Amino acid sequence: MEIWINPACSKCRSALSLLDAEGASYTVRRYLEDVPTQDEIREVLERLGLEPWDITRTTEAAAKELGLKEWPREAGSRDRWIAALAEHPKLIQRPIITADDGTALVARTDEAVRDALGR
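Residues numbered from 1 in each chain as written. Predicted model: local features only at pLDDT ≥ 70, side-chain atom pairs only at ≥ 80, totals over all residues. Heavy atoms only, no water.

1. Examining the sheet that holds strand 1 (residues 2-5)
Strand pairs in the sheet, formed through backbone hydrogen bonds, run parallel or antiparallel to each other.
Thinking step 1. What the 4 strands build is an open sheet, ordered 2-1-3-4; its pairing is mixed. In the strand order of this sheet, the two ends are held by strand 2 (27-30) and strand 4 (104-106), each with one partner. The mean inter-strand angle of the sheet, taken between neighbouring strand axes irrespective of direction, is 20 degrees.
Thinking step 2. Where strand 3 (residues 96-98) meets strand 4, 3 bridges bridge the pair, whose relative direction is antiparallel. Across the sheet, the residue bridging to I97 is L105, located in strand 4.
Thinking step 3. Where helix 2 (residues 38-48) meets the sheet, it contacts strand 1, strand 2, strand 3 and strand 4, and its direction lies at approximately 90 degrees from that of strand 4. (Pairing = 2+ DSSP bridges. Helix = DSSP H or I, 4+ residues; strand = E, 2+ residues; numbered from the N terminus. Axes fitted to C-alpha atoms, helices over the stretch in contact; angles between N-to-C directions. Contact = heavy atoms within 4.5 Å.)

Structure below.
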């Protein structure tokens, strides 16, 4: 499995601690440094079963500057949202775990991390 993290994020550090405690095998992607492409974001969204606005941190400064709260949340705006996430990766909700079974989840709780471990 792979986990997208921001090392400054307490939820990310907590998820890593739990993965380590469980002896999980995983790869860390520091997505602020190794920025996902638009295609990678599309793939993760498909695996999550979510839309880009579902994984967007709308309270970040960049979101406010872009006026994201006012953007339409509809299929026609999907590419615009994905482009914003690729351009401003700090807007991506974290941590995201891509599981070995082809699924993914936003692992903000211990329960979600344990769910990923069971996949």
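2. Side note on the side chain of T58
Thinking step 1. Tracing the chain through its elements places T58 in the loop between helix 2 and helix 3 (61-66).
Thinking step 2. Beyond its immediate stretch of four places on either side in the chain, T58 contacts A63, K64, K69 and R73.

3. With respect to unusual backbone geometry
Thinking step 1. Going from R94 to P95, the amide bond is cis rather than trans, its omega being -10 degrees.
Thinking step 2. Assignment of secondary structure puts P95 in the loop between helix 4 (78-87) and strand 3.

4. Regarding helix 5 (residues 110-117)
Thinking step 1. Three or more residues of helix 5 are buried, namely A112, V113 and A116. Viewed end-on, helix 5 has its buried residues packed into an arc of 100 degrees, placing them on one side of the element.
Thinking step 2. Where helix 5 is buried, its residues touch helix 1 (10-21), strand 3 and strand 4. (Buried < 20%, exposed > 50% of the residue type's maximum accessible area, 1.4 Å probe, protein only. Arc of directions from axis to C-beta.)

5. As for the side chain of R57
Thinking step 1. Here R57 lies in the loop between helix 2 and helix 3.
Thinking step 2. A residue is classified by how much of its surface remains accessible, and R57, at 16% relative accessible area, is buried.
Thinking step 3. Among the polar contacts made by the side chain of R57, one reaches the side chain of Q93 at a distance of 3.1 Å.
Thinking step 4. When residues no more than four places from it in sequence are discounted, the contact partners of R57 are A63, K90, L91, I92, Q93, R94 and R108. (Polar contact = N/O pair within 3.5 Å; in protein donor to acceptor, adjacent residues only side chain to side chain.)

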